[in-house]
Amino acid sequence: MLFPHLAGVVVEVVERSLSGVVSMHARARSSGGVCPHCGSASGRVHGRYVRRLADAAASGAGVVIELLVRRFKCLNPGCRAVTFAEQIAGLTSPHARYTPLLRGQLTSIALALAGRAGARLAGVLGLDVAKDTLLRLVRAVPEEPVGEIRVLGVDDFALRRGATYATILVDLETRRPVDVLPGREAEPLAAWLSNHPEIEIVCRDRAGAYAEGTRSGAPQAVQVADAWHLWHNLGEAVEKTVSAHHACARAAFENTVPAKPPPSDDIWQTPPPVDAMLDVCGRERRLVTRTRERYTAVRELLDGGSTLEGICRTLRLSRKTVRRFARATSIDELLVKATNRSTLLDEHTPYLHQRWNEGCRDSAQLHQEIVARGFTGSIQTVRRYLRPFKTSTTAPPVPRPAPRPRRIVRWIMTAPGNLAAVDAADLKEIRADCPELDAVTDHVRDFAAMMSDLRGDQLPAWMERVLADNLPALHSLVNGLRRDQDAVTAGLSTPWSSGQVEGQVTRVKFLKRQGYGRANLDFLRKRVLLTP
(Lines give C-alpha, C1' and ligand atoms only; values in the text may rest on other atoms or scores of the structure.)
Protein backbone atom coordinates (compact mmCIF):
# COMPACT_ATOMS: atom_id res chain seq x y z
CA MET A 1 0.00 0.00 0.00
CA LEU A 2 1.26 3.48 -0.87
CA PHE A 3 0.11 4.98 2.46
CA PRO A 4 0.25 2.16 5.02
CA HIS A 5 -0.56 4.49 7.92
CA LEU A 6 -3.96 5.18 6.31
CA ALA A 7 -4.92 1.50 6.16
CA GLY A 8 -7.36 1.86 9.09
CA VAL A 9 -9.43 4.69 7.57
CA VAL A 10 -11.62 5.34 4.56
CA VAL A 11 -10.74 8.57 2.74
CA GLU A 12 -13.97 10.03 1.43
CA VAL A 13 -13.02 13.49 0.14
CA VAL A 14 -9.69 15.04 -0.91
CA GLU A 15 -9.57 18.76 -1.56
CA ARG A 16 -6.93 21.43 -1.88
CA SER A 17 -7.29 24.93 -0.42
CA LEU A 18 -6.10 28.17 -1.99
CA SER A 19 -3.05 28.12 0.29
CA GLY A 20 -2.00 24.77 -1.21
CA VAL A 21 -2.81 22.58 1.81
CA VAL A 22 -4.34 19.19 0.94
CA SER A 23 -7.24 18.15 3.21
CA MET A 24 -8.42 14.56 3.51
CA HIS A 25 -11.83 13.83 5.04
CA ALA A 26 -11.72 10.33 6.49
CA ARG A 27 -13.48 7.98 8.87
CA ALA A 28 -12.51 4.73 10.57
CA ARG A 29 -13.12 1.40 8.86
CA SER A 30 -13.93 -0.53 12.03
CA SER A 31 -17.45 -0.79 13.43
CA GLY A 32 -16.42 -0.59 17.08
CA GLY A 33 -13.62 0.21 19.46
CA VAL A 34 -11.74 -1.19 22.45
CA CYS A 35 -11.72 0.59 25.79
CA PRO A 36 -8.13 1.57 26.65
CA HIS A 37 -8.85 1.21 30.38
CA CYS A 38 -10.45 -2.19 30.69
CA GLY A 39 -9.89 -3.66 27.22
CA SER A 40 -13.55 -4.52 26.57
CA ALA A 41 -15.00 -4.03 23.09
CA SER A 42 -17.88 -1.68 22.45
CA GLY A 43 -19.96 -0.79 19.40
CA ARG A 44 -22.29 1.66 21.10
CA VAL A 45 -21.64 5.13 19.72
CA HIS A 46 -21.99 7.92 22.26
CA GLY A 47 -21.06 10.81 19.93
CA ARG A 48 -18.84 12.05 17.11
CA TYR A 49 -16.40 14.90 16.52
CA VAL A 50 -13.86 15.94 13.87
CA ARG A 51 -10.17 15.66 14.70
CA ARG A 52 -7.56 17.47 12.60
CA LEU A 53 -4.20 15.70 12.24
CA ALA A 54 -1.18 17.10 10.39
CA ASP A 55 0.39 14.43 8.19
CA ALA A 56 3.56 14.10 6.13
CA ALA A 57 3.75 16.36 3.08
CA ALA A 58 2.71 15.06 -0.34
CA SER A 59 4.64 16.46 -3.33
CA GLY A 60 5.83 19.38 -1.20
CA ALA A 61 2.31 20.34 -0.09
CA GLY A 62 1.12 20.18 3.51
CA VAL A 63 -1.45 17.48 4.31
CA VAL A 64 -4.18 17.65 6.95
CA ILE A 65 -6.39 14.66 7.77
CA GLU A 66 -9.84 15.64 9.06
CA LEU A 67 -10.82 12.44 10.81
CA LEU A 68 -14.35 11.78 11.97
CA VAL A 69 -13.79 10.24 15.40
CA ARG A 70 -16.46 8.31 17.29
CA ARG A 71 -16.79 8.25 21.04
CA PHE A 72 -18.00 4.92 22.37
CA LYS A 73 -19.74 4.11 25.61
CA CYS A 74 -17.89 1.47 27.67
CA LEU A 75 -20.22 -1.51 28.30
CA ASN A 76 -18.23 -2.77 31.30
CA PRO A 77 -20.01 -1.54 34.44
CA GLY A 78 -16.87 -2.01 36.52
CA CYS A 79 -14.72 0.22 34.30
CA ARG A 80 -13.87 3.67 35.64
CA ALA A 81 -14.29 5.14 32.14
CA VAL A 82 -17.82 5.97 30.97
CA THR A 83 -16.87 6.81 27.38
CA PHE A 84 -13.72 6.61 25.31
CA ALA A 85 -12.56 7.92 21.91
CA GLU A 86 -11.46 5.49 19.24
CA GLN A 87 -7.80 5.34 18.29
CA ILE A 88 -6.54 4.13 14.91
CA ALA A 89 -3.27 2.23 15.01
CA GLY A 90 -0.50 3.96 13.06
CA LEU A 91 -2.52 7.15 12.62
CA THR A 92 -3.63 8.55 15.94
CA SER A 93 -2.45 8.69 19.54
CA PRO A 94 -4.09 10.41 22.53
CA HIS A 95 -3.97 14.23 22.43
CA ALA A 96 -1.57 14.24 19.44
CA ARG A 97 -1.92 16.75 16.61
CA TYR A 98 0.60 14.98 14.39
CA THR A 99 0.42 11.55 12.88
CA PRO A 100 3.22 9.19 14.05
CA LEU A 101 4.76 9.41 10.57
CA LEU A 102 5.00 13.20 10.70
CA ARG A 103 6.12 13.20 14.31
CA GLY A 104 8.97 10.87 13.41
CA GLN A 105 10.02 13.06 10.50
CA LEU A 106 10.00 16.23 12.59
CA THR A 107 11.90 14.54 15.40
CA SER A 108 14.60 13.41 12.97
CA ILE A 109 14.89 16.93 11.58
CA ALA A 110 15.12 18.41 15.09
CA LEU A 111 17.80 15.94 16.15
CA ALA A 112 19.86 16.72 13.07
CA LEU A 113 19.46 20.51 12.89
CA ALA A 114 17.97 21.70 16.22
CA GLY A 115 15.32 24.42 16.36
CA ARG A 116 15.68 27.32 13.93
CA ALA A 117 17.54 25.49 11.18
CA GLY A 118 15.18 22.53 11.52
CA ALA A 119 12.13 24.76 11.23
CA ARG A 120 13.51 26.34 8.06
CA LEU A 121 14.20 22.96 6.46
CA ALA A 122 10.77 21.65 7.47
CA GLY A 123 9.16 24.70 5.85
CA VAL A 124 10.96 23.98 2.58
CA LEU A 125 9.68 20.39 2.72
CA GLY A 126 6.09 21.55 3.22
CA LEU A 127 5.98 20.90 6.97
CA ASP A 128 4.86 23.99 8.86
CA VAL A 129 6.31 23.77 12.37
CA ALA A 130 7.66 26.20 14.98
CA LYS A 131 11.17 25.92 16.37
CA ASP A 132 9.88 25.52 19.94
CA THR A 133 7.79 22.56 18.81
CA LEU A 134 10.90 20.88 17.46
CA LEU A 135 12.66 21.42 20.78
CA ARG A 136 9.72 19.85 22.65
CA LEU A 137 9.71 16.86 20.30
CA VAL A 138 13.39 16.18 21.00
CA ARG A 139 12.91 16.49 24.75
CA ALA A 140 10.02 14.01 24.57
CA VAL A 141 12.01 11.27 22.84
CA PRO A 142 12.61 8.37 25.25
CA GLU A 143 16.23 7.45 25.88
CA GLU A 144 17.66 4.02 25.26
CA PRO A 145 18.62 2.03 28.37
CA VAL A 146 22.30 2.30 29.19
CA GLY A 147 22.80 -1.41 29.80
CA GLU A 148 25.99 -2.92 31.16
CA ILE A 149 29.28 -1.17 30.50
CA ARG A 150 32.71 -2.73 30.90
CA VAL A 151 35.02 0.01 29.55
CA LEU A 152 34.04 3.65 30.09
CA GLY A 153 35.62 6.80 28.67
CA VAL A 154 35.31 10.14 30.50
CA ASP A 155 36.12 13.64 29.28
CA ASP A 156 34.86 17.20 29.65
CA PHE A 157 33.76 19.81 27.12
CA ALA A 158 32.93 23.49 27.39
CA LEU A 159 29.38 24.78 27.29
CA ARG A 160 30.74 28.28 27.77
CA ARG A 161 34.51 28.35 27.66
CA GLY A 162 36.07 29.38 30.92
CA ALA A 163 32.74 29.39 32.76
CA THR A 164 30.54 26.31 32.31
CA TYR A 165 31.54 22.74 31.50
CA ALA A 166 29.94 19.32 31.23
CA THR A 167 31.15 15.72 31.25
CA ILE A 168 30.52 13.14 28.54
CA LEU A 169 30.59 9.40 29.24
CA VAL A 170 31.27 6.98 26.37
CA ASP A 171 31.00 3.21 26.19
CA LEU A 172 34.31 2.42 24.47
CA GLU A 173 33.22 -1.06 23.39
CA THR A 174 29.97 -0.05 21.67
CA ARG A 175 31.41 3.36 20.65
CA ARG A 176 28.40 5.38 21.76
CA PRO A 177 27.84 8.08 24.40
CA VAL A 178 25.79 6.85 27.34
CA ASP A 179 25.29 10.02 29.38
CA VAL A 180 26.15 13.70 29.76
CA LEU A 181 26.66 15.07 33.27
CA PRO A 182 26.59 18.73 34.35
CA GLY A 183 29.92 20.17 35.44
CA ARG A 184 33.26 18.41 35.62
CA GLU A 185 33.48 17.76 39.34
CA ALA A 186 34.06 14.47 41.11
CA GLU A 187 30.65 14.13 42.82
CA PRO A 188 28.37 13.72 39.75
CA LEU A 189 30.77 11.21 38.21
CA ALA A 190 31.04 9.22 41.46
CA ALA A 191 27.25 9.12 41.82
CA TRP A 192 26.84 7.85 38.24
CA LEU A 193 29.56 5.22 38.60
CA SER A 194 28.06 3.91 41.85
CA ASN A 195 25.01 2.80 39.83
CA HIS A 196 27.21 0.77 37.46
CA PRO A 197 29.31 -1.63 39.53
CA GLU A 198 30.01 -3.73 36.42
CA ILE A 199 32.53 -1.19 35.07
CA GLU A 200 36.05 -2.64 34.94
CA ILE A 201 38.10 0.08 33.17
CA VAL A 202 37.78 3.88 33.18
CA CYS A 203 39.78 5.84 30.59
CA ARG A 204 40.26 9.50 31.45
CA ASP A 205 42.58 12.45 31.08
CA ARG A 206 44.80 13.45 33.97
CA ALA A 207 42.25 15.71 35.68
CA GLY A 208 42.27 15.22 39.44
CA ALA A 209 38.47 15.52 39.73
CA TYR A 210 37.87 12.53 37.46
CA ALA A 211 40.50 10.50 39.30
CA GLU A 212 38.84 11.23 42.65
CA GLY A 213 35.33 10.58 41.26
CA THR A 214 36.40 7.22 39.86
CA ARG A 215 38.07 6.19 43.12
CA SER A 216 34.90 7.06 45.04
CA GLY A 217 32.29 5.70 42.66
CA ALA A 218 34.06 2.71 41.12
CA PRO A 219 36.88 1.51 43.38
CA GLN A 220 36.88 -1.82 41.57
CA ALA A 221 37.71 -0.21 38.20
CA VAL A 222 41.21 0.18 36.77
CA GLN A 223 41.93 3.80 35.88
CA VAL A 224 43.76 4.36 32.59
CA ALA A 225 45.41 7.71 31.87
CA ASP A 226 45.04 8.59 28.22
CA ALA A 227 48.29 8.16 26.26
CA TRP A 228 47.70 11.26 24.13
CA HIS A 229 47.39 13.44 27.23
CA LEU A 230 50.60 11.91 28.61
CA TRP A 231 52.40 12.70 25.36
CA HIS A 232 50.93 16.21 25.40
CA ASN A 233 52.14 16.79 28.98
CA LEU A 234 55.59 15.60 27.95
CA GLY A 235 55.53 17.99 24.99
CA GLU A 236 54.71 20.93 27.27
CA ALA A 237 57.64 20.05 29.53
CA VAL A 238 59.95 19.76 26.51
CA GLU A 239 58.80 23.15 25.22
CA LYS A 240 59.63 24.78 28.56
CA THR A 241 63.06 23.16 28.52
CA VAL A 242 63.77 24.25 24.94
CA SER A 243 62.67 27.81 25.73
CA ALA A 244 64.97 27.92 28.73
CA HIS A 245 67.95 26.70 26.62
CA HIS A 246 67.14 28.42 23.34
CA ALA A 247 70.28 30.52 23.68
CA CYS A 248 72.29 27.33 23.15
CA ALA A 249 70.42 26.66 19.91
CA ARG A 250 71.02 30.21 18.70
CA ALA A 251 74.71 29.91 19.49
CA ALA A 252 74.93 26.62 17.62
CA PHE A 253 73.53 28.21 14.47
CA GLU A 254 75.43 31.50 14.74
CA ASN A 255 78.74 29.66 15.10
CA THR A 256 78.18 27.90 11.78
CA VAL A 257 77.90 31.15 9.78
CA PRO A 258 81.20 31.66 7.92
CA ALA A 259 82.82 35.06 8.23
CA LYS A 260 82.90 37.01 4.96
CA PRO A 261 86.25 38.67 4.17
CA PRO A 262 86.18 42.42 3.52
CA PRO A 263 86.66 43.80 -0.02
CA SER A 264 90.27 44.41 -1.04
CA ASP A 265 90.00 48.18 -1.61
CA ASP A 266 87.21 48.91 0.85
CA ILE A 267 87.55 49.40 4.57
CA TRP A 268 84.34 48.33 6.23
CA GLN A 269 83.20 46.70 9.39
CA THR A 270 80.52 44.07 9.52
CA PRO A 271 77.80 45.15 11.94
CA PRO A 272 77.32 42.85 14.89
CA PRO A 273 74.58 40.25 14.57
CA VAL A 274 71.13 41.60 15.25
CA ASP A 275 70.21 40.89 18.87
CA ALA A 276 66.52 40.14 19.33
CA MET A 277 66.70 41.79 22.75
CA LEU A 278 67.81 45.16 21.30
CA ASP A 279 66.21 47.65 18.97
CA VAL A 280 67.91 49.21 15.94
CA CYS A 281 69.51 51.85 18.16
CA GLY A 282 71.13 49.28 20.42
CA ARG A 283 68.77 49.86 23.34
CA GLU A 284 66.83 47.10 25.03
CA ARG A 285 63.43 46.67 23.42
CA ARG A 286 60.45 47.94 25.35
CA LEU A 287 58.84 44.49 25.21
CA VAL A 288 61.92 42.94 26.82
CA THR A 289 62.06 45.60 29.53
CA ARG A 290 58.37 45.22 30.30
CA THR A 291 58.68 41.42 30.46
CA ARG A 292 61.57 41.68 32.95
CA GLU A 293 59.68 44.15 35.13
CA ARG A 294 56.52 42.06 35.20
CA TYR A 295 58.42 38.85 35.93
CA THR A 296 60.26 40.50 38.83
CA ALA A 297 57.04 41.96 40.24
CA VAL A 298 55.13 38.69 40.00
CA ARG A 299 57.95 36.69 41.62
CA GLU A 300 58.25 39.20 44.48
CA LEU A 301 54.51 39.06 45.19
CA LEU A 302 54.50 35.26 45.02
CA ASP A 303 57.44 35.05 47.44
CA GLY A 304 55.54 37.40 49.71
CA GLY A 305 52.62 34.98 49.91
CA SER A 306 50.19 36.70 47.51
CA THR A 307 47.67 34.64 45.57
CA LEU A 308 47.23 34.79 41.82
CA GLU A 309 43.97 36.72 42.25
CA GLY A 310 45.72 39.23 44.50
CA ILE A 311 48.54 39.68 42.00
CA CYS A 312 45.99 40.24 39.22
CA ARG A 313 44.40 43.04 41.23
CA THR A 314 47.71 44.58 42.31
CA LEU A 315 49.38 44.60 38.88
CA ARG A 316 46.14 44.98 36.89
CA LEU A 317 46.96 41.99 34.72
CA SER A 318 44.77 39.16 33.49
CA ARG A 319 44.84 35.85 35.33
CA LYS A 320 46.22 34.11 32.24
CA THR A 321 49.18 36.51 32.08
CA VAL A 322 49.94 36.22 35.79
CA ARG A 323 49.72 32.43 35.64
CA ARG A 324 52.16 32.36 32.70
CA PHE A 325 54.69 34.49 34.61
CA ALA A 326 54.21 32.46 37.79
CA ARG A 327 54.76 29.11 36.06
CA ALA A 328 57.88 30.22 34.17
CA THR A 329 61.02 28.52 35.43
CA SER A 330 63.22 31.49 34.43
CA ILE A 331 63.09 34.86 32.74
CA ASP A 332 64.82 33.37 29.68
CA GLU A 333 61.81 31.15 29.02
CA LEU A 334 59.58 34.23 28.79
CA LEU A 335 62.02 36.32 26.78
CA VAL A 336 62.41 33.60 24.15
CA LYS A 337 58.65 33.60 23.55
CA ALA A 338 58.52 37.40 23.57
CA THR A 339 61.35 37.98 21.09
CA ASN A 340 61.10 35.00 18.74
CA ARG A 341 58.30 36.30 16.61
CA SER A 342 58.13 36.26 12.85
CA THR A 343 57.90 39.56 10.98
CA LEU A 344 56.64 40.56 7.57
CA LEU A 345 60.20 41.31 6.49
CA ASP A 346 61.77 37.91 7.27
CA GLU A 347 61.32 36.35 3.83
CA HIS A 348 62.61 39.49 2.07
CA THR A 349 65.85 40.03 4.02
CA PRO A 350 68.05 37.96 1.64
CA TYR A 351 66.87 40.10 -1.27
CA LEU A 352 67.59 43.32 0.66
CA HIS A 353 71.12 42.13 1.43
CA GLN A 354 71.68 41.24 -2.21
CA ARG A 355 70.43 44.59 -3.52
CA TRP A 356 72.44 46.52 -0.90
CA ASN A 357 75.64 44.76 -1.98
CA GLU A 358 74.79 45.54 -5.60
CA GLY A 359 74.93 49.24 -4.70
CA CYS A 360 71.30 50.15 -4.15
CA ARG A 361 71.15 52.38 -1.03
CA ASP A 362 67.73 54.01 -1.55
CA SER A 363 65.29 52.72 1.09
CA ALA A 364 62.27 53.96 -0.87
CA GLN A 365 63.35 52.09 -4.00
CA LEU A 366 64.09 48.93 -2.03
CA HIS A 367 60.69 49.20 -0.37
CA GLN A 368 58.98 49.43 -3.77
CA GLU A 369 60.89 46.41 -5.03
CA ILE A 370 59.94 44.13 -2.14
CA VAL A 371 56.36 45.39 -2.27
CA ALA A 372 56.29 44.05 -5.82
CA ARG A 373 57.53 40.75 -4.34
CA GLY A 374 54.64 40.59 -1.86
CA PHE A 375 55.77 42.69 1.13
CA THR A 376 52.84 44.43 2.83
CA GLY A 377 54.67 46.47 5.49
CA SER A 378 55.56 50.15 5.58
CA ILE A 379 58.69 51.89 4.39
CA GLN A 380 59.64 52.64 8.01
CA THR A 381 60.09 48.90 8.61
CA VAL A 382 62.60 48.74 5.76
CA ARG A 383 64.43 51.86 6.97
CA ARG A 384 64.77 50.49 10.50
CA TYR A 385 66.18 47.23 9.18
CA LEU A 386 68.72 48.94 6.87
CA ARG A 387 69.86 51.52 9.42
CA PRO A 388 72.75 49.39 10.79
CA PHE A 389 74.07 48.96 7.23
CA LYS A 390 74.72 52.72 6.84
CA THR A 391 78.09 52.44 8.59
CA SER A 392 79.50 50.07 5.97
CA THR A 393 79.62 49.86 2.23
CA THR A 394 78.62 46.21 2.14
CA ALA A 395 75.76 44.48 3.84
CA PRO A 396 76.69 41.58 6.11
CA PRO A 397 75.79 38.08 5.00
CA VAL A 398 72.32 37.01 5.95
CA PRO A 399 72.76 35.18 9.25
CA ARG A 400 71.66 31.61 9.42
CA PRO A 401 68.32 31.84 11.23
CA ALA A 402 68.03 29.80 14.40
CA PRO A 403 64.90 27.64 14.52
CA ARG A 404 62.16 28.80 16.80
CA PRO A 405 61.54 26.86 20.03
CA ARG A 406 58.41 25.11 18.80
CA ARG A 407 60.22 23.91 15.70
CA ILE A 408 62.94 22.39 17.85
CA VAL A 409 60.25 20.80 20.01
CA ARG A 410 58.70 19.26 16.90
CA TRP A 411 62.07 17.82 15.90
CA ILE A 412 62.57 16.32 19.36
CA MET A 413 59.03 14.89 19.53
CA THR A 414 59.21 13.34 16.04
CA ALA A 415 60.45 9.80 15.54
CA PRO A 416 64.02 9.86 14.11
CA GLY A 417 62.96 7.84 11.09
CA ASN A 418 60.32 10.42 10.20
CA LEU A 419 62.63 13.45 10.37
CA ALA A 420 63.82 15.06 7.16
CA ALA A 421 67.56 14.83 6.62
CA VAL A 422 68.02 18.60 6.99
CA ASP A 423 66.02 18.70 10.22
CA ALA A 424 67.89 15.73 11.62
CA ALA A 425 71.24 17.45 10.88
CA ASP A 426 70.07 20.68 12.56
CA LEU A 427 68.89 18.78 15.62
CA LYS A 428 72.24 17.00 15.78
CA GLU A 429 74.04 20.36 15.88
CA ILE A 430 71.81 21.59 18.69
CA ARG A 431 72.31 18.40 20.70
CA ALA A 432 76.08 18.69 20.30
CA ASP A 433 76.12 22.24 21.73
CA CYS A 434 73.56 21.76 24.54
CA PRO A 435 73.83 18.77 26.91
CA GLU A 436 70.41 19.52 28.41
CA LEU A 437 68.61 19.36 25.07
CA ASP A 438 70.61 16.25 24.21
CA ALA A 439 69.36 14.59 27.40
CA VAL A 440 65.78 15.73 26.75
CA THR A 441 65.86 14.17 23.29
CA ASP A 442 67.01 10.84 24.72
CA HIS A 443 64.31 10.89 27.40
CA VAL A 444 61.58 11.70 24.86
CA ARG A 445 62.61 8.87 22.57
CA ASP A 446 62.74 6.44 25.50
CA PHE A 447 59.25 7.49 26.53
CA ALA A 448 57.97 7.12 22.95
CA ALA A 449 59.37 3.59 22.74
CA MET A 450 57.83 2.72 26.10
CA MET A 451 54.44 4.05 24.99
CA SER A 452 54.40 2.38 21.56
CA ASP A 453 55.58 -0.98 22.93
CA LEU A 454 53.10 -0.86 25.85
CA ARG A 455 55.90 -1.25 28.41
CA GLY A 456 54.49 0.65 31.35
CA ASP A 457 56.66 -1.40 33.70
CA GLN A 458 59.64 0.69 32.52
CA LEU A 459 58.11 3.93 33.84
CA PRO A 460 59.86 3.95 37.28
CA ALA A 461 63.29 3.50 35.68
CA TRP A 462 62.53 6.23 33.14
CA MET A 463 61.54 8.65 35.89
CA GLU A 464 64.76 7.94 37.81
CA ARG A 465 66.83 8.70 34.71
CA VAL A 466 64.99 11.99 34.22
CA LEU A 467 65.54 13.05 37.83
CA ALA A 468 69.27 12.37 37.44
CA ASP A 469 69.56 15.25 34.91
CA ASN A 470 69.23 18.98 35.53
CA LEU A 471 65.85 19.38 33.81
CA PRO A 472 63.42 21.27 36.11
CA ALA A 473 60.46 21.14 33.70
CA LEU A 474 60.73 17.37 33.33
CA HIS A 475 61.18 17.02 37.09
CA SER A 476 57.82 18.75 37.53
CA LEU A 477 56.31 16.33 35.01
CA VAL A 478 57.72 13.35 36.91
CA ASN A 479 56.25 14.64 40.18
CA GLY A 480 52.85 14.82 38.53
CA LEU A 481 53.21 11.33 37.09
CA ARG A 482 54.06 9.92 40.50
CA ARG A 483 50.84 11.31 41.98
CA ASP A 484 48.91 9.36 39.34
CA GLN A 485 51.41 6.57 38.73
CA ASP A 486 48.99 3.63 38.70
CA ALA A 487 46.80 5.21 36.02
CA VAL A 488 49.83 6.34 34.01
CA THR A 489 51.32 2.84 34.14
CA ALA A 490 48.01 1.39 32.97
CA GLY A 491 47.85 3.96 30.16
CA LEU A 492 51.31 2.91 28.98
CA SER A 493 50.51 -0.81 29.29
CA THR A 494 47.03 -1.24 27.76
CA PRO A 495 45.64 -0.43 24.29
CA TRP A 496 42.67 1.45 25.78
CA SER A 497 42.67 5.23 25.34
CA SER A 498 40.33 8.21 25.21
CA GLY A 499 40.60 8.61 21.43
CA GLN A 500 36.94 7.72 20.90
CA VAL A 501 35.94 10.15 23.64
CA GLU A 502 37.86 12.97 21.95
CA GLY A 503 35.99 12.20 18.74
CA GLN A 504 32.69 12.40 20.59
CA VAL A 505 33.74 15.74 22.11
CA THR A 506 34.40 17.06 18.61
CA ARG A 507 30.90 15.97 17.60
CA VAL A 508 29.43 17.60 20.71
CA LYS A 509 31.07 20.90 19.78
CA PHE A 510 29.45 20.70 16.35
CA LEU A 511 26.02 20.00 17.87
CA LYS A 512 26.48 22.80 20.38
CA ARG A 513 27.33 25.35 17.71
CA GLN A 514 24.34 24.28 15.64
CA GLY A 515 22.13 25.40 18.51
CA TYR A 516 23.78 28.84 18.54
CA GLY A 517 24.14 28.53 22.33
CA ARG A 518 20.40 29.03 22.90
CA ALA A 519 19.47 25.52 24.05
CA ASN A 520 19.94 24.26 27.59
CA LEU A 521 22.07 21.31 28.63
CA ASP A 522 19.05 18.97 28.68
CA PHE A 523 18.40 19.57 24.97
CA LEU A 524 22.08 19.21 24.06
CA ARG A 525 22.23 16.01 26.09
CA LYS A 526 19.30 14.56 24.11
CA ARG A 527 20.98 15.36 20.82
CA VAL A 528 24.29 13.89 21.97
CA LEU A 529 22.67 10.63 23.08
CA LEU A 530 20.14 10.24 20.26
CA THR A 531 21.85 11.67 17.17
CA PRO A 532 23.57 8.86 15.24
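Above this text sits the structure in question.
If you're wondering where the values come from, they're calculated on a predicted model, not measured in any experiment. (Residues numbered from 1 in each chain as written. Predicted model: local features only at pLDDT ≥ 70, side-chain atom pairs only at ≥ 80, totals over all residues. Heavy atoms only, no water.)

Quick look at the overall build of the chain now. If you tally the helices and strands in the chain, you get 22 helices and twelve strands. Taking 532 residues into account, the globule formula puts the C-alpha radius of gyration at 24 Å, and the chain, at 36 Å, lies well above it. With respect to the three principal axes, the spread of C-alpha positions in the chain is 120 × 60 × 50 Å. Across the 532 residues that make up the chain, the buried fraction comes to 42%. Sequence separation of at least 24 residues holds for 60% of the intrachain contacts in the chain that already meet a minimum separation of 6. Averaging the locations of the 73 positively and 57 negatively charged side chains of the chain gives two centres separated by 10 Å. (Helix = DSSP H or I, 4+ residues; strand = E, 2+ residues; numbered from the N terminus. Rg over C-alpha atoms; globule rule 2.2 N^0.38 Å. Buried < 20%, exposed > 50% of the residue type's maximum accessible area, 1.4 Å probe, protein only. Contact = heavy atoms within 4.5 Å. Lys, Arg positive; Asp, Glu negative; His and termini not counted. Charge placed at Lys NZ, Arg CZ, Asp CG, Glu CD.)

Below, the discussion takes up the packing of helix α12 (residues 349-357) against helix α13 (residues 363-372). Two numbers describe how α12 lies on α13: the axes approach to 11 Å, and their chain directions differ by 140 degrees. Viewed along their axes, α12 and α13 adopt a mutual orientation that is oblique. In this structure, the crossing between α12 and α13 has a hand that is right-handed. Packed against α12, whose contacting residues are Tyr351, Leu352, Arg355 and Trp356, the element α13 presents Gln365, Leu366, Glu369 and Ile370 at the interface. Looking at the contact of α12 with α13 residue by residue, the class counts come to five nonpolar, one polar and two charged. (Axes fitted to C-alpha atoms, helices over the stretch in contact; angles between N-to-C directions. Parallel < 35°, antiparallel > 145°, perpendicular 65-115°, else oblique. Left-handed = near helix turned anticlockwise from the far one by under 90°. Nonpolar A, V, L, I, M, F, W, Y, C, P; charged D, E, K, R; others polar.)

With that settled, consider the pattern of salt bridges. Throughout the structure, instances matching the rule amount to 22 salt bridges. Glu309 is paired through a salt bridge with Arg319; the nearest N and O atoms lie 2.6 Å apart. Pair noted here: Glu309 is in helix α9 (residues 308-315) and Arg319 is in helix α10 (residues 319-327), with a separation of ten residues, a long-range link. A relative accessible area of 40% means that Glu309 is categorised as partly exposed. With a relative accessible area of 39%, Arg319 lands in the partly exposed category. With a shortest N-O distance of 2.6 Å, Arg431 and Asp438 are connected by a salt bridge. (Salt bridge = Lys/Arg side-chain N within 4 Å of Asp/Glu carboxyl O.)

With that out of the way, let us pick up the state of the cysteines. Summed over the entire model, instances satisfying the criterion amount to zero disulfides. Among the cysteines around Cys79, which has no disulfide bond, Cys38 carries the closest sulfur, lying 3.7 Å off. Considering cysteine sulfurs only, Cys248 is the nearest to Cys434, which forms no disulfide, with 3.7 Å between them. Taking relative accessible area as the criterion, Cys434 reaches 0% and is therefore assigned buried. (Disulfide = S-S within 2.5 Å.)

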